[in-house]
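What the coordinates show
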Amino acid sequence: MATIVPYTFEKKEEKALYFTSFVKGMKVLIATEKPFAKAAVDGMVEILEGAGHTVVRLEKYTDKTQLLDAVADVDALIVRSDKITCDVLAAAPNLKIVVRAGAGYDNVDCCDAKARGVVVMNTPGQNSNAVAELAIAMMIFMSRNCFTPGTGGEIKGKTLAIHAYGNVGRLVGCKGKALGMNVIAYDPFVSDCSVFECDGVERVESMEELYRRADFLSLHIPATPQTKGSIGYELLTSMPKGATLVNTARKEVIDEAGLCKALSEREDLKYVSDVAPECCCQMNEQFGKRVFATPKKMGAETAEANINAGLAAARQIVDFFETGNTKFQVNR
Ligand code: NAD
């Protein structure tokens, strides 16, 4: 059983005392099946070692046992899409913090981490521009017949509907406006209406209205128990003629059976996705150029996003050990 490390404190002095006992000399593991760019790793090592911590790296590992061995004596862990399941957490009795360098943290078992007193953080906003640029590129790619001969369409003047107006959704909206699109958005959890007004984006009150009006629907909801499998037949078939669903969120939010049924019945609908659906081969065979998926998740795969997210993860760890800052904690 892992040591339980408290991270909520009755008094400020208790917290200060707890964290001064760490400050320096923590062992930080960067565990990445798909490694960061070299410039990102160099910067992360500089930040962490500069603050007096030791850095170890496990890159391109091919077997989970390598990860289980590597976490055995570490205090902090930085990962990308690596799966941090309960067995990994159980194998890391000294672990105090996991930072997912990226936005989505569905690859980390946050509940189990919380039960063990391990803080989980993400690095929100650090890779958003990369993902937003890919979403726009995908719209143009699908409008131009996947860059094959034939008459395509323009995105200017079309309605771009943003499902979830967080860091990525907002950037996609702003880029869409700059390209002359009519941008609408739906996000019930944004309480401050001025965000939409300030961007010149129309806020719609229901998901149904959003899909009904979308020439391009750009999906940015996180994968949660509530959202998994939530985008299916009814919503897709309510979209206007010739509409395209652009998914740079997660494949798990799509009801794939519903998607296939909608594409079968509506020969005008298109689907483009950052990372292939489970039934991608069958979909490509059946729907041809109306479906396109990146072979590997590549939304955040830019040197800039890699560096931003990696450096932010390193800084958050240094700050956590020095001051107890848990601003970006996602498992409270
Ligand atoms: P974010 O946390 O900034 O924004 C998420 C938004 O979703 C928030 O505004 C929240 O209010 C909204 N939301 C949550 N549940 C909702 C629901 N049921 N209905 C409508 N809105 C809801 O995250 P982000 O940085 O914008 O990233 C969005 C998602 O994109 C991530 O969760 C991740 O899964 C995915 N992502 C993919 C890549 C990639 O490489 N393709 C990279 C980064 C992020």
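Scroll up a little and you will see the structure.
Residues numbered from 1 in each chain as written. Predicted model: local features only at pLDDT ≥ 70, side-chain atom pairs only at ≥ 80, totals over all residues. Heavy atoms only, no water.

Quick notes on the site of the ligand
Using the following cut-off: Any residue with a heavy atom positioned within 4 Å of a molecule or strand is treated as near that molecule or strand. Distance and chemistry together define a polar contact, namely a pair of N or O atoms within 3.5 Å, with one atom able to donate a hydrogen and the other to accept it when in protein, and with adjacent residues in sequence counting only for side-chain atoms on both sides. Each accessible area is a Shrake-Rupley estimate made with a 1.4 Å probe; only the visible protein chains count as cover when residues are assessed. Residues are sorted three ways: Asp, Glu, Lys and Arg are charged, Ala, Val, Leu, Ile, Met, Phe, Trp, Tyr, Cys and Pro are nonpolar, and all the rest, Gly among them, are polar.
Within the structure, the ligand sits among 24 residues, and Asn167, Val168, Asp187, Thr248 and Asp274 are positioned closest to it. Take Thr248: an N or O atom from its main chain is 3.1 Å from a nitrogen atom of the ligand. Side-chain polar atom of Asp274 to a nitrogen atom of the ligand: 2.8 Å apart, as the coordinates give it. Relative to its free-state accessible area of 860 Å², the ligand is covered by the protein chains to the extent of 83%. Broken down by class, the residue content of the shell around the ligand amounts to eleven nonpolar, nine polar and four charged.

Details of the packing of aromatic side chains
As a reminder of what qualifies: Under the pairing criterion, centres of Phe, Tyr and Trp rings, with the six-membered ring standing for Trp, must be within 6.5 Å; the plane angle then separates stacked pairs below 30 degrees from edge-to-face pairs above 60, leaving the rest tilted. The numbering of helices and of strands both runs from the N terminus, where a helix is a DSSP run of H or I of at least 4 residues and a strand a run of E of at least 2. Three labels apply to residues, based on accessible area from a 1.4 Å probe with only protein chains included: buried if under 20% of the type maximum, exposed if over 50%, partly exposed otherwise in between. Whether a charge sits over a ring depends on NZ of Lys or CZ of Arg being within 6 Å of the ring centre and within 35 degrees of the ring normal.
Under the counting rule described, the total for this entry stands at four aromatic pairs. With 4.8 Å between their ring centres and 20° between their planes, Tyr165 and Phe196 make a pair best called stacked. Of this pair, Tyr165 sits in the loop between strand S6 (159–163) and helix H7 (167–178) while Phe196 sits in helix H8 (residues 194–199), and the two are 31 residues apart along the sequence. Pair check on accessibility: Tyr165 and Phe196 agree, each one buried. Here the aromatic residues Phe141, Phe147 and Phe292 are joined through ring pairs into a cluster of three or more. Directly above the aromatic system of Phe36 lies the positively charged group of Arg80, at a separation of 5.3 Å from the ring centroid. Note that Lys261 overlies the ring of Tyr233, its terminal NZ or CZ placed 3.9 Å from the centroid.

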